[in-house]
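# Descriptive analysis of the structure
The primary structure of each chain is shown beneath.
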Amino acid sequence: MRTFVFVLFSWAIAFSQSLEKWDYKRLNYVTSSDSDTLYVVNFWATWCKPCVEELPDLKEFYQHHQDKKLRLFLVSLDAVKDSLRTLQFAKNKAIEPFLVLWQEAQKPTTWINQVEKTWSGSIPVTLMYYKGKKVFFTESQLDTETLQTASQKFLK
Amino acid sequence: MKNKNVKSLLLGVGLMLSSAFASGYDVSNKTKPFQLKNIDGNMLSLEQMTENQKGAIVVFTCNHCPFAKAYEDRIIALDKLFKTQGYPVIAINSNDAVKYPDDSFENMQIRAAQKGFTFPYLVDETQEIAKEYGATKTPQVFVLQKDKKDFVLRYVGAIDDNDQNPAQVKEKYVEMAIGNLLKGERVQISTTKAIGCTIKWKKS
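Residues numbered from 1 in each chain as written. Chains lettered and ligands numbered in written order. Predicted model: local features only at pLDDT ≥ 70, side-chain atom pairs only at ≥ 80, totals over all residues. Heavy atoms only, no water.

This part covers helix H5 (residues 108-115) of chain A. Considered for burial, the residues of H5(A) that qualify are A:Pro108, A:Thr109, A:Trp111, A:Ile112 and A:Val115. Of the surrounding secondary structure, the elements contacted by the buried residues of H5(A) are helix H2 (24-31), strand S2 (38-44), strand S4 (99-102), strand S6 (125-130) and strand S7 (133-138) of chain A together with helix H5 (173-182) of chain B. (Buried < 20%, exposed > 50% of the residue type's maximum accessible area, 1.4 Å probe, protein only. Helix = DSSP H or I, 4+ residues; strand = E, 2+ residues; numbered from the N terminus. Contact = heavy atoms within 4.5 Å.)

Take the sheet that holds S4(A) next. All names here are of chain A. What the 6 strands build is an open sheet, ordered S1-S4-S3-S2-S6-S7; its pairing is mixed. Edge positions in the open sheet fall to strand S1 (20-22) and S7, since each of these has one partner strand only. Within the sheet, the average angular offset between the axes of one strand and its neighbour, ignoring direction, is 25 degrees. The pairing of S6 with S7 spans 5 bridges and is classified as antiparallel. Note on S7: the bridge partner recorded for Thr126 is Thr138. Across the sheet, H2 is in contact with S1, S2, strand S3 (70-76), S4 and S6; its angle to S2 comes to roughly 155 degrees. Strand contacts of helix H6 (residues 144-151): S2, S6 and S7, with the helix running at about 20 degrees to S6, the strand carrying the most contacts. (Pairing = 2+ DSSP bridges. Axes fitted to C-alpha atoms, helices over the stretch in contact; angles between N-to-C directions.)

Attention now goes to the sheet that holds strand S1 (residues 30-31) of chain B. Sheets are built from strands that pair by backbone hydrogen bonding, the pairs being arranged parallel or antiparallel. All names here are of chain B. Overall, mixed pairing links the 8 strands, which are arranged S1-S9-S8-S4-S5-S6-S2-S3 in an open sheet. Both edges of this open sheet fall to S1 and strand S3 (43-45), since each of them pairs with a single strand only. Pairing of strand S5 (residues 89-93) with strand S6 (residues 121-123) involves 3 bridges; the strand directions are parallel. Directly across from Ala91, in S6, lies its bridge partner Tyr121. Packing of H5 onto the sheet brings it into contact with strand S4 (55-60), strand S8 (140-147) and strand S9 (150-157), and relative to S8 it is tilted by some 10 degrees.

This part is about the nonpolar core. If you look at the biggest cluster of nonpolar residues, it comprises 56 residues, and the most contacted ones within it are A:Phe43, A:Trp102, A:Trp111, A:Val115, A:Trp119, A:Ile123 and B:Ile195. Looking at this core, the element that brings in the most residues is S2(A), giving 6 residues. Setting aside residues up to four positions removed in sequence, A:Trp111 forms contacts with A:Tyr24, A:Phe43, A:Leu77, A:Trp102, A:Glu104, A:Gln106, A:Trp119 and B:Ile195. Grouped together as the second largest cluster of nonpolar side chains are 30 residues, B:Phe82, B:Met108, B:Ala158 and B:Tyr173 included. (Core = buried A, V, L, I, M, F, W, Y, C linked by side-chain atoms within 4.5 Å.)

Before going further, it helps to examine the pattern of salt bridges. Enumeration over the complete set of coordinates arrives at 12 salt bridges over all chains. The closest approach of N and O atoms between B:Asp150 and B:Lys30, which form a salt bridge, is 3.4 Å. Note that B:Asp150 is positioned in strand S9 and B:Lys30 in strand S1, a separation of 120 residues in sequence. Given a relative accessible area of 27%, B:Asp150 falls into the partly exposed group. A single salt-bridge network, built from bridges that share partners, covers A:Lys81, A:Asp82 and A:Arg85. (Salt bridge = Lys/Arg side-chain N within 4 Å of Asp/Glu carboxyl O.)

Here it is as structure tokens:
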């Protein structure tokens, strides 16, 4: 039993170090880069049905453009205390390489407005950043076609 | 190619605009009266709530959403605190029960009984009221103040500033807003935002 707990504990530590954990500052840092990479940021959660439905589309979109300058971040808004469960969920969906755990819990009004003024707070939300500028925002479920159209001119 | 660029730009702008204008009421707007079916089977409207009513706390919520669940106890607490002061809670579920079977009328009755809801829990089957109010997610609160016959919107947004941990809440927005109103003051923080579960619209 003791060994089991120890293994579990060290695994928890290992995973907590390797995973991407972001607050707004980190998001802003990553997306304000002036490189000609297109950054696609999607806010989702394991409990959000339309979000989970569009995850395969986002992954497919990424895989389709793997040779181009494109980064995909799937930012989970699940509770911080449920991180292990979120990670397991991401593994099952094979989206783990794109997973980011959101760390902001207090004062959502502030960071939601910082991300996008017109965002009401519902998810899924998808944003695109190019050369440090926000070039796309939508607060609704996406499909591959919309993603294609919105990203086309920025994909090099 | 050029044409496609223009198209993608228009699409982007269109999406931005559609979400920007999706909101219904703004703070200080008069709200339209409604009548919806309560879990006890009776139709209920805002003005039938309590004696000496000064307003209402309208909460768009549902059964399936973890955020809504996280707030159930806090919504009950709000009702207990403010019903006697003229601001009763009135909960509305506008979700499409086809998409979310958890949110069916029967399951609303079950959930209310399990949690011991002290307030009415209405079903907005046509989703008209959610659209009228501009509700987009659950939970989302609209604090209304009675002005003669009208109910005027005074606060819209979150219940407080921490959904994940009630013990770490620093600002209780709804309590603060009603506190202002009861003292005859202007609501100081009249709009806030929070993450919530998107209200699933029926296909029209």
